[in-house]
Structures are given as C-alpha cells and as structure tokens.
Amino acid sequence: MRVAVIGASGGIGRALVDVLVARDDVSGVVALSRSGTVFESDKVRSLNIDITNENKVSDAAERTGNIDWVVVASGILSEGDALTPEKSWRDLNLEAFERVFRINTFGPALVAKHFLPLLPRKRRAVFAALSARVGSISDNGLGGWHAYRASKTALNMLIKNLSLELARRNTEAICVGLHPGTVATDLSAKFRGGVRHEIFTPEQSATYLIDVLDRLDAADTGKVFDWQGEEIPY
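Note that the coordinates shown come from a computational prediction; the quantities given were computed from them, not determined experimentally.

(A) Summary view of the overall build of the protein chain. Assigned secondary structure in the protein chain consists of five helices and seven strands. Secondary structure of the protein chain in N-to-C order comes out as β-α-β-β-α-β-α-β-α-β-α-β. A globule of 234 residues ought to have a C-alpha radius of gyration of about 17 Å, and the protein chain, at 17 Å, matches this closely. Taken along its principal axes, the extent of the C-alpha atoms in the protein chain is 50 × 35 × 35 Å. With 234 residues in all, the protein chain has 50% of them scored as buried. The contacts in the protein chain between residues at least 6 apart in sequence include a share of 66% that link residues at least 24 apart. Within the structure as shown, the protein chain displays about 11,500 Å² of accessible surface, and the carbon and sulfur contribution to it stands at 50%. Across the protein chain, the 28 positively charged side chains and the 29 negatively charged ones have centroids separated by 3 Å.

Listed below in structure tokens is the structure:
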C-alpha cells in the first residue's frame, strides 16, 4: 500500500508518516509539505507542495503517482497576533477568513481535485482530511471561533460531495473527515490551557486515526469520525 500525507511537516502529519512507515503493509509513503521535510526512512519520498497554489498541487500529484490512501493533515487555527480565533462577531476580519479558508477548505479541495484520480478504481481506496468537532453545526453550543468553525463545516460538505462523486468511480472508495482530538502541536499550543479532557501526543493521535481508517468501509464514506471512530454529526 502506498500513502500520500499532505502536511507532513506538521505535528500530526509527521506522526502519521512515522506510524505508517512502521507498518509492514505500507510499501511507501509520499510525505508532502511546503518545506519538503526529509524523513530518515527508505520508505519515504519527500516532495514539496503548497496547497494554496493549484499549479504546485498539480505538479506534486504528477510526481506522486498512483497511491492507495491520501491523508490531508494540513490546517490553521491561528497565526501570530494577526490571526486568532474570534470570540465575538466584533472580531470578524475578512483577511483572517480568507487565510483560514484557503488552508482549511480550499487547499484540501485542490488536493482532492488532483489526487483523487491517483486512487485505484477497483479496490479499497481512502481519501481523508483532518476536520474538527467544532465544525459540526448541530453540536455547536458555544459559538465563537467563526472562521475556523466555518472552514471546517465547509470542508465537511466538500467531503460529502466528493464521496458521492468518488463512489461513482469506485464503489469501494472511502472519503471521510477525521477529528484528531486535542493534540499537543503548535496549532493548539495557545488554546490548551482550559482543556479538561485528555491531550494526545501527535503519535497517539496518528495511531488512533490510522486505526479508524483501517476499520472504515464504503458504507462510512462521506461522514466525519473522531479519533475513537465515533461519527460526528453535521
């Protein structure tokens, strides 16, 4: 099995590569990131990608070749003082919305456009993108974090759309969103202070997510699952 991990330089992305490399059934991992992070394994091929630039996504897909799984692990929640989750509508900012949507929604859509055709047509295939529980409309009881929530909700709709189209190409294909839990990465660093539930290491989260993907079948396509394999409502 060959797997492509997009966002391989991030905390969860790097851990996904490491966990996949350790598996006997994985013959190769294509680790894609803006930095082209190098891994110390003969199984890993590192490539550059910028998911906000379609030409670079297309080029990366051509260089990747046929694969069995695609996992999009890129994402953004904050960026210095210029971009931080909004506590109120008074904090809404167009530039912040554009930045968050470009990385959390538009980028994975471009990856799907160019990487879905690389998946097999007649056997099990997986496309997964990291989503978030806060993207659930029906589960939203707190509000706030407008751009991040909305970008993940939009991503969930894209996953549903993509799953329907992908199923017409391959009835065994799986297209899902994944909630990794709260993970000790740079993305969550400033927002873990009030968290009362368990905070995972990237390696823990990656292991859980891959286990979830192993257990899914075609009946699960189009849905969003958390790290335990429990479905998250839209």
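(B) Structural context of the packing of helix 1 (residues 11–21) against helix 5 (residues 202–215). Direction vectors running N to C along helix 1 and helix 5 enclose 60°, while the axes themselves pass 8 Å from each other. On the basis of the axis angle, helix 1 is oblique to helix 5. Where helix 1 crosses over helix 5, the handedness of that crossing is right-handed. Of the residues in helix 5, those touching helix 1 at Gly11, Ile12, Ala15, Leu16, Val19 and Leu20 are Pro202, Glu203, Ser205, Ala206, Thr207, Leu209 and Ile210. Taken together, the residues that form the contact of helix 1 with helix 5 break down as nine nonpolar, three polar and one charged.

Scoring rules and cut-offs
- Residues numbered from 1 in each chain as written.
- Predicted model: local features only at pLDDT ≥ 70, side-chain atom pairs only at ≥ 80, totals over all residues.
- Heavy atoms only, no water.
- Helix = DSSP H or I, 4+ residues; strand = E, 2+ residues; numbered from the N terminus.
- Rg over C-alpha atoms; globule rule 2.2 N^0.38 Å.
- Buried < 20%, exposed > 50% of the residue type's maximum accessible area, 1.4 Å probe, protein only.
- Contact = heavy atoms within 4.5 Å.
- Areas by Shrake-Rupley, 256 points an atom, 1.4 Å probe, with all protein chains shown as cover.
- Lys, Arg positive; Asp, Glu negative; His and termini not counted.
- Charge placed at Lys NZ, Arg CZ, Asp CG, Glu CD.
- Axes fitted to C-alpha atoms, helices over the stretch in contact; angles between N-to-C directions.
- Parallel < 35°, antiparallel > 145°, perpendicular 65-115°, else oblique.
- Left-handed = near helix turned anticlockwise from the far one by under 90°.
- Nonpolar A, V, L, I, M, F, W, Y, C, P; charged D, E, K, R; others polar.

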